[in-house]
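A look at the structure
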Amino acid sequence: MPSPSSVQLGAQVWLAPGEYDRPEQLDRLFAVLAEHDLPLARVSLVRNHLEPAPGRWDFALYDQAFDAAARHGVRVTATLWPQAAAPALSGVPDTPATLAAGEAYLDAVVPRYAAHPALDSWILMNEPGQPPAVTALAELRFRDWLRERYGTPAALNHAWLGASMLSFRAPYASFDEVSVDPRWSHAGLWPVPNLDWHEFWRAHLAWYLGWVAERVRRLDAAHPLHTNPHGVSRNLATRSFDLPSWRPFLDSVGASIYPMSLTEFGPDRLALGHAFCVDLLRGAMADGPVWATELAGGPAIRSHATGYAVEPRELAQRVWTVLGAGAERAVLWLLNARWRSREPGEFALLDYRGEPTDRLRAVASIGRALAEHDDLFSGTAPVTADVTLVLSVESMALEHQWAAGGDPARGKDAHLLEALGWYEALQSLGAPPRVVHLGDVDWSPGGPPRLVVLPHVEVLSAEQAEAAGAFVRAGHTLLASGLTGWYDRDGRFWPLADEFPLGPVVGGRPRELRVVGDGVLALPAGDVPAGAWLTDVEVGDGTPLAKDGEAVGALVHELGGGRAVWLPAMVGLAAFTGDGAPLARYAATVVEPFAARLPVRVRDGVTSLLVRTLRGDGDRVVTVVANPGEAAAATVLDGPPGTAAVVLWGDPHAVAGHAVTVGAHDTVVLRWR
């Protein structure tokens, strides 16, 4: 029987009639989890299996599974399936009737297992998220959303038609006349209705998840609620994600994190991608509990364009990476391979004969370490620098609206890539940032000096710019890169306004954007690649930081007791898609004061290793990861005076004094005491 641990590992146990449905099979699956120190099983309560015909419920398979889990001391996190039927795996119901059918499913299933001793938690649905879809339920609710937003048809007509170059229809006499028009997305001629439709869908998805949560809590108030979006490292607007709006009805949030969903990182930076997903989730939950709800446990054969293998040490690295970044649980997809339907024969920790693989044994070694050192892992929290890296789903929506081919600066992922360039630079300095949505930024004046990074946050309101100015005047630092603050939410171009809202903060305003191909900002720490665009800056109260001949390309502005750094070029994107070293060198000159409170520091500036620290009562857990593309690498770490590191997991000879050496693809976990 597995020992309990505050940080837990688990795996999906796949059940299906005709696949894994015999009592001895079920008992063996849960026994394997217990024998390998994986105390958590994820089980999908698939509607088609539970309700093989309308109104006829058959719980026998799942009753046996829950009972088997209880016999072996394994807890079950149960994934609900409130959609009407497969293949609607993660979508919002399309009609009021299918919504009601989902309620009937919840009424039948939740009370069945709410009191079962094996139940740990509910997952509201698997991988919620989808592009906006024109459905009867969505259009019905969209009209109500528009009434609340605009109040009158006249206000709607002014926003949608009056400010447009062309009209796509006659003015609306009533909100009831509104229906989605595919021309809204045509060439950006009508950005406001299209942006409204996308913003509504972010609210619509959150509403549906909240609807499910409310009904589950009504039937079972005792167990926590969770869900796991997929693709959180990509443009969030394309999946209708507004993750902070999910906080009121969730006890934790997770994500499905696969190599196939981290394509922007490439095979050599997968560890960085896993850490970023966890940091993004922690920010969305305001540092509340997060999981890695799905990690690939085995090879992909057909479900990825190229297929991929998962080696034991790579799998161990991914598990330790998400735990080191602050995930409380890591769940592998999956224990036993599916026979048919999606992903047959893929991702499993058991081989085709049902025997443990080296991958399972590698994960089990982590489970044992967590159980043996539960006193250490209990109550730990990830440590970040006093740096906030900001994401803006409104900017992502605008980029999705206007995405063009060619240079990635013109694509739908430009804001994300700019953010990832800064994220990687900060990680390479051993100064991981908090990653938060724009609406969650702490602009309060108090506290120790803080740095907020706005990476190509194109959409910024006048009120948000004013809050940033007050933040700087209170003694903090703002760094804005790319075209931060150049647009409002509806796509209007702020540089043409009488006052550029960010101008009083950064000490200048854009005069013109130049398309240069491979631009460079000549910054004091050295030249930094700047990508396709450079900005000619009109200097106000700021001081030139970079010049190209007589043209000023960047400013620093001492404002009140703080400072604003303005780099209006795509330096983060250029770093992430090219050479990141110049940006890291520059970032070191800005970040140092905000990393001073980290308990474990990288001594000599930049490291190729991913270093993350968990802080507990007295001791620290430091995870040191070599990105898969790296050869063996070493770094020197400094902890508090009088402390030293011992190897908790990994090569016992990895530490010599303060030097830590990690082999390619490997991981070392240290206890710093």
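Please read all numbers here as calculations on a predicted model, not as lab measurements.

Here the focus is the overall build of the protein chain. Scanning the protein chain for helices and strands turns up 17 helices and 26 strands. Taking 2.2 N^0.38 as the reference for a compact globule, 673 residues should give roughly 26 Å; the C-alpha atoms of the protein chain span a radius of gyration of 26 Å, in line with that estimate. Reported as C-alpha extents along the three principal axes, the dimensions of the protein chain are approximately 80 × 75 × 45 Å. Sorting the 673 residues of the protein chain into buried and exposed places 61% on the buried side. Summed over its atoms, the accessible surface of the protein chain is roughly 24500 Å², and 52% of this surface lies on carbon and sulfur atoms. If you average the places of the 55 positive and of the 77 negative side-chain charges in the protein chain, the two averages end up 3 Å apart.

This part takes up the nonpolar core. Buried together is how nonpolar side chains tend to be arranged in soluble globular proteins. By size, the foremost hydrophobic cluster in this structure holds 221 residues, and its most contacted members are L45, W160 and L567. It is helix 7 (residues 191-219) that contributes the most residues to this core, 13 residues altogether. Counting residues in each nonpolar core, the second largest holds 16 residues, with V602, A645, A654 and L670 among its members.

What follows concerns the packing of helix 1 (residues 23-35) against helix 3 (residues 60-71). Between helix 1 and helix 3, the least distance of the axes is 9 Å, while the angle of their chain directions is 40°. Put simply, helix 1 runs oblique to helix 3. The two elements helix 1 and helix 3 meet at a crossing, and its hand is right-handed. Residues P23, L26, D27 and F30 of helix 1 pack against L61, Q64, A65, A68, A69 and R71 of helix 3. The residue inventory of the contact of helix 1 with helix 3, partitioned by class, reads seven nonpolar, one polar and two charged.

In space, the eight strands of this open sheet follow the order 5-4-3-2-1-8-7-6, with parallel pairing throughout. Of all the strands in the sheet, just strand 5 (225-228) and strand 6 (256-257) have a single pairing partner and so form its edges. Bridge count between strand 1 (residues 8-12) and strand 2 (residues 40-44): three bridges; the pairing is parallel. Residue pairing for strand 2: A11 is matched across the bridge by A41. Of the strands in this sheet, strand 4 (119-126) and strand 5 touch helix 7, which is tilted by about 150° from strand 4.

Moving on, we get to the sheet that holds strand 9 (residues 381-382). Sheets are built from strands that pair by backbone hydrogen bonding, the pairs being arranged parallel or antiparallel. What the five strands build is an open sheet, ordered 9-20-21-26-23; its pairing is antiparallel. Strand pairing shows two members of the sheet lacking a second neighbour, strand 9 and strand 23 (645-649), which therefore form its edges. Here strand 20 (residues 609-615) pairs with strand 21 (residues 620-626) via seven bridges, running antiparallel. What sits directly across from L609, in strand 21, is A626.

Cut-offs and rules
Position numbers for residues count from 1 along each chain, tracking the sequence in the order it is written. Since the coordinates come from a predicted model, pLDDT governs what is reported: local features require at least 70, and pairs of side-chain atoms require 80 or more to be given and counted, while whole-chain, interface and lining totals use all residues. Hydrogens are left out, water is left out, and the side-chain values use all remaining heavy atoms of the structure. Only DSSP runs of H or I with at least four residues qualify as helices, and only runs of E with at least two residues qualify as strands; both kinds are numbered from the N terminus onward. Our radius of gyration looks at C-alpha atoms and nothing else; its globule reference is 2.2 Å times the residue count to the power 0.38. Partly exposed describes any residue whose relative accessible area lies between the buried limit of under 20% and the exposed limit of over 50%, with all areas from a 1.4 Å probe on protein chains only and scaled to the type maximum. Note on areas: these come from Shrake-Rupley sampling with a 1.4 Å probe, and a residue is covered only by the protein chains present in the view. His is not counted, nor are the chain ends; Lys and Arg add positive charge and Asp and Glu add negative charge. In this description, the location of a charge corresponds to atom NZ of lysine, CZ of arginine, CG of aspartate or CD of glutamate. Residue types Ala, Val, Leu, Ile, Met, Phe, Trp, Tyr and Cys, when buried and joined through side-chain atoms within 4.5 Å, form a set referred to as a nonpolar core. Note on definitions: angles span 0 to 180 degrees between N-to-C directions of axes, and those axes are lines fitted to C-alpha atoms, for helices only across the stretch in contact. Reported orientations rely on four angle classes, namely roughly parallel under 35 degrees, roughly antiparallel over 145, roughly perpendicular from 65 to 115, and oblique for the rest. Note on convention: near helix rotated counterclockwise from far helix by under a right angle means a left-handed crossing. Clockwise means right-handed. The contact criterion used throughout is that any non-hydrogen atoms of two residues lie within 4.5 Å. Any residue outside Ala, Val, Leu, Ile, Met, Phe, Trp, Tyr, Cys, Pro, Asp, Glu, Lys and Arg is labelled polar, Gly included; the first ten of those are nonpolar and the last four are charged. One requirement defines pairing of two strands: DSSP has to find at least two bridges between them.

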